[in-house]
Amino acid sequence: MAKKKKKGGQLRQTPDTNQPNPGHPVNPIKPPNPVPSPSSINLSTPVKPVNPVRPVDPITPPVEPASPINPASQVTEEPSSPPVEVAEEFIPIQENNGTAEGFTKSWGYGTDDKESQVHFFDSSFTRLSFEDSERNPSEVLAADFNAGSTHSADEGYEHVSSQEQRAPDFSQYDQLPRLPPPVEPLRTGPRATGGFDVEKVIGAIQNGYSSAELREYLSYYYKAETTLLKENLNAEVRGFPATFYVVETNDAELVRYWIKYGGDPNATHGILRFPLLAFAILRGARARLQATRTVETLLRLGASPRVIPAAYYNPFDRDVPENGPDEKELYDIGDDKFWCTPELRPRLAAALSFTQRYRLWQASRQEPTTGRERTLAIRKDAVEILGLQYTIIGQRVAAWSLRKSFLVHLAMPFRKPLVLLFAGPRGHGKKELVNKLAYLLSLDVQKVDCTNLNGYDEIFGPKQPGQEYSCGSPLNDFLASKSKERSIVFMEEFDKTNKDIHKELLVPFDRGVYMDRRNGQKVDSSQTIWILSTSKFDETISDFIIENGDIGDSDLRSEQYLALRRQLLRRLRNDCIASFGAPLTSRITEIIPFLTFNVEEQELIADKYIMELESLIAGPVVKSADPDEDRLIGNVQLQITNNASVCSVIAKDHYLPEFGASSISHGIDATITNQLISRYLEDGDDFSEDQAETRYRVGTNEDNEVEVLPELRSDDTNGYAGLGYSWMKGR
């Protein structure tokens, strides 16, 4: 059951005065039918950090239709009231100081937590069992730090008593309390028992509950009672905000749905108000790729970057000193950042990856969403589009233009297809931005490669009475299956198409109507988003940048930028008319330019590929009966020293504008992957699925060349030792 803090940080069991009594039943929540996607949650506006809210009552499962429940009547606090008799079906699972073996194992969740334990301060990265975690319960912070009168970064610490000066107990975040899995699987609908219980949900998440299952479960209770669900998602569970448990998994999809349905991305814990965002960064010191996705998700859904001292990410493209920024740079440490103690600063510096610093910097300077834009996106079930810029590296102009065009399209009083032309050099994010748009809007995508198309029947299928007209085509069948539904059609290399294809697209682009080739039935394609891509106009874009500079660094709402953008779009529209004809060009809603990567973006692309390599080789070795299915490079850990410097060297030596990101990917192979595998093959006699972990350090030498060296080993620390990382000590 959720708990409430007493003054001074102590925990007590809160008398639950609002649980239903068999003699005084509450009105049941009217069941949802059908279950819709959430469309009324404000995700983009940063929420002011607050102390964790008090615990709330479980949500009664929907049963027979009845009168609406007054949420306020269920959460009214009466501390002085004695405990009341509670119906058995509403009693949550109680704490268990033993093992999890006594609980039913007849359901489909695993028994292992989603993320290995990470120790912030002993840095041992030792995994604790369920029994160990119960024998070492977390403790609340005991020291109350009072603000001092100086302007030092350590303001407040020098004015407390010797007892209060002891370091805050951040070891409580090494691993949050383990909760047992629910005795029965979490169910919705008529099969639901016991109502929504946040402890049961957290227990399920810690034992393998998938993001798809969580989405279905939360959407059901969101319809049943939105307000009570939100309060439950932000309740304290065994002394910690529930959202902390979700972030602990380092699973960005779980975090996405928890916050989407009401979780607070700005949750804090303890007297020092330790922020959720800092917890996510420090938890992810090992798994950088997963941690970066979690941080991006939090920022995209409204987490404020300002809970992290600005010196850690501004400028983002420098290597932060291993002991943290200089004290003079920590000008913004005040009442809301007392959690960032001198002892914690080196850990934060080591845990923050290059890309995470970029995302924090990006969020700190992001143009705010207007109230009408936010309301429109919420009402049209497209609120996640507001965070599109956090899903792609670079292409600030393209992401902003796509977001703007989509919102304008949503606001139109009539239905008409959205037709976009992505124009820019190969390898600069056109396909990735399509995929991110589909991800944020949860849409299906039909991709059409136009490289070798010779006629319209190759796209749509033969017309009647032609042969095999009944077979249709992948695009024809997709459009027919998505009639009156929002979907995406992505036509790559559209400049390879001919006039016959252009003519065939005029009606679908203009009227949003398509005829199914198989049966002649009319298909409503007015909700279809058509995205055409071409690299034919690269020279026009590059010439414009040479003349006017990188417009991607401009204020995207300024008159100067808007004037330059109009000039560029006029040139591109003229090119489009010359290539595709005026009839088709007139039906294109917006031309979205993609620019070449600037120096910082090139470096970030390199960091992305390094993180993907880290994730790939960290998995276990697999020896299969079929040698083609072997995975012999595994259980390898990389430590990247001078992260920004390494990425800078690779980008400078290997980026080619005509090939974009793929040229940097080849640079990673040439400078890191090849060296790494060569050393790995020299390091042992055989491959084993239970072989010891191998560690390597990637950094730059005196000649500013990237090199891969064996890591100094440290027993039982996974490459980390004492108050500093072992690779730091070896430098």
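Everything here concerns the structure above.
Residues numbered from 1 in each chain as written. Predicted model: local features only at pLDDT ≥ 70, side-chain atom pairs only at ≥ 80, totals over all residues. Heavy atoms only, no water.

Peer 1: Looking at this structure, how should I read the overall build of the protein chain?
Peer 2: Counting its regular elements, the protein chain contains 24 helices and 18 strands. In the protein chain, which comprises 731 residues, the proportion classed as buried is 54%. Of the contacts made within the protein chain by residues no fewer than 6 positions apart, 76% connect residues no fewer than 24 positions apart. Carbon together with sulfur atoms contributes 48% to the accessible area of the protein chain, which is approximately 32400 Å² in total. (Helix = DSSP H or I, 4+ residues; strand = E, 2+ residues; numbered from the N terminus. Buried < 20%, exposed > 50% of the residue type's maximum accessible area, 1.4 Å probe, protein only. Contact = heavy atoms within 4.5 Å. Areas by Shrake-Rupley, 256 points an atom, 1.4 Å probe, with all protein chains shown as cover.)

Peer 1: What exactly am I supposed to notice about the sheet that holds strand β13 (residues 590-593) here?
Peer 2: Taking strand neighbours across the sheet as the criterion, the 5 strands line up as β8-β9-β12-β7-β13 in an open arrangement whose pairing is parallel. Two strands in the sheet have a free side with no partner beyond their single neighbour: β8 (445-449) and β13. With strand direction ignored, the average angle separating the axes of adjacent strands in the sheet is 20 degrees. Pairing of strand β7 (residues 418-423) with β13, which is carried by 4 bridges, proceeds in the parallel orientation. Residue pairing across strands places L420 opposite E590, the latter belonging to β13. This element, helix α17 (residues 499-511), spans β7, β9 (487-492) and β12 (528-534) of the sheet and lies at about 135 degrees to β12. (Pairing = 2+ DSSP bridges. Axes fitted to C-alpha atoms, helices over the stretch in contact; angles between N-to-C directions.)

Peer 1: For this particular structure, what's the right way to read the side chain of T528?
Peer 2: By the secondary structure assignment, T528 is in strand β12. In contact with T528, other than residues within four places in its own chain, are P417, L418, L479, E485, S487 and V489.

Peer 1: It is not clear to me how a nonpolar patch on the surface should be interpreted in this structure. Could you clarify?
Peer 2: Taken together, V408, M412 and F414 make up a surface patch of nonpolar side chains, about 280 Å² in accessible area. Along the chain, the position of M412 falls in the loop between α13 (396-411) and β7. Exposure remark for M412: the relative accessible area of 39% places this residue in the partly exposed category. (Patch = residues over 30% accessible without salt bridge, like charges linked within 9 Å, V, L, I, M, F, W, Y side chains within 5 Å. Salt bridge = Lys/Arg side-chain N within 4 Å of Asp/Glu carboxyl O.)

Peer 1: Looking at this structure, I do not really get the sheet that holds strand β14 (residues 636-640). What am I missing?
Peer 2: Within a beta sheet, neighbouring strands are joined by backbone hydrogen bonds and run either parallel or antiparallel to one another. The 3 strands are arranged β14-β15-β16 in an open sheet whose pairing can be described as mixed. At either margin of the open sheet sits one strand with a lone partner, and together these are β14 and β16 (706-710). With direction set aside, neighbouring strand axes in the sheet form an average angle of 25 degrees. By the bridge criterion, 5 bridges tie strand β15 (residues 694-700) to β16 in an arrangement that is antiparallel. The residue of β16 that forms the bridge with G699 is E707. Contacting β14, β15 and β16, helix α23 (residues 661-682) runs over the sheet at an angle of about 25 degrees to β16.

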